[in-house]
Amino acid sequence: MESTIIKRICANNGSMNISELENNFYYDMNVSVQDVILNHDMFCLVDFNGEQRVVAKTDVRHCRSQDCHGCRNLHFCKRFLLGECPFVQRRRGCRFSHDLTSVGNRKILNEHGLEELNRAELCTLLLQNDNFLLPPVSVLQVLRLELCMIPV
């Protein structure tokens, strides 16, 4: 049931109201949604605008090594995951894998109960858990943000 709940949360941009989530899973009376979301390895409960929300979590990360020999992370092109890889159109192609279902990736996804996620759902989950996938922030962007916060 955990993998089904994670899939539903990721399909809803990575978080859901607890009540909305419970309404979607009334059919399984063996385990309550409340009991499942208490697994702090896979879910985080947050208060957002006075409402309890569940956020999907994972320990799965994108491998940062260019020459990896079997770590416990996913191996793929991060540009491919985030949309389109510009290197595919080049003569040499992209040097990173565009196969999220490779043997190594599938094994890691299975170990973490994430095998049912599609590319968009996996992207949502990884973006909210793995800072390496986020675009870099420039000093200029930080300064602009600080200027916006100065009271007038």
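For the structure, see preceding data.
Residues numbered from 1 in each chain as written. Predicted model: local features only at pLDDT ≥ 70, side-chain atom pairs only at ≥ 80, totals over all residues. Heavy atoms only, no water.

A. Up close: the pattern of salt bridges. For the coordinates displayed, the defined rule picks out three salt bridges. Among the ionic pairs, K7 bridges to E121, the shortest N-O distance being 2.6 Å. One end of the pair, K7, is in helix α1 (residues 2-11); the other, E121, is in helix α6 (residues 119-127), and 114 residues separate them in sequence. Assessed through its relative accessible area of 25%, K7 is described here as partly exposed. The exposure class assigned to E121 is buried, which follows from its relative accessible area of 8%. With its nearest N and O atoms 3.5 Å apart, the salt bridge here joins D130 to R64. Here the residue D130 occupies a position in the loop between α6 and α7 (139-148), and R64 occupies one in the loop between β3 (51-56) and α4 (78-82), the gap between them amounting to 66 residues. Look at R64 and you get exposed, because its relative accessible area is 55%. (Salt bridge = Lys/Arg side-chain N within 4 Å of Asp/Glu carboxyl O. Helix = DSSP H or I, 4+ residues; strand = E, 2+ residues; numbered from the N terminus. Buried < 20%, exposed > 50% of the residue type's maximum accessible area, 1.4 Å probe, protein only.)

B. Broad picture of the environment of V33. Turning to its location among the elements, V33 is positioned in helix α3 (residues 33-36). Residue class for V33 comes out buried when judged on its relative accessible area of 5%. C-alpha separation for the pair V33 and I5, spaced 28 residues apart in sequence, amounts to 8.4 Å. If we skip the residues at most four places from it in the chain, V33 touches M1, I5, L21, E22 and F25. (Contact = heavy atoms within 4.5 Å.)

C. Region of interest: the nonpolar core. Counting residues in hydrophobic clusters, the biggest one holds 31 residues, and the most contacted among them are I5, I6, I9, L21, I37, F43 and L74. Broken down by secondary-structure element, the contributors of at least two residues to this core are α1, α2 (18-24), α3, β3, α4, α5 (103-111) and α6. Here this core spans two domains, since at least three of its residues come from each of domain 1 (1-56) and domain 2 (59-134). Once residues within four sequence positions are removed from consideration, I9 is found in contact with G14, S15, M16, L21, F43, V54 and A56. (Core = buried A, V, L, I, M, F, W, Y, C linked by side-chain atoms within 4.5 Å. Domains from an automatic or database assignment.)

D. Structural detail: the packing of aromatic side chains. Scanning all chains against the criterion turns up zero aromatic pairs. Above the face of the F80 ring, R119 is positioned so that its terminal group lies 4.2 Å from the ring centre. (Phe/Tyr/Trp six-rings, centres within 6.5 Å; stacked < 30°, edge-to-face > 60°. Lys NZ or Arg CZ within 6 Å of the ring centre and 35° of its normal.)

E. Quick peek at the sheet that holds strand β2 (residues 43-48). Taking strand neighbours across the sheet as the criterion, the three strands line up as β1-β3-β2 in an open arrangement whose pairing is antiparallel. What marks the edges here is a single partner per strand, and that holds for β1 (15-17) and β2. For this sheet, the mean inter-axis angle between neighbouring strands, taken without regard to orientation, is 30 degrees. Sheet topology note: the β2/β3 ladder contains six bridges and is antiparallel. (Pairing = 2+ DSSP bridges. Axes fitted to C-alpha atoms, helices over the stretch in contact; angles between N-to-C directions.)

Interpretation in functional terms is not warranted from these geometric data alone.
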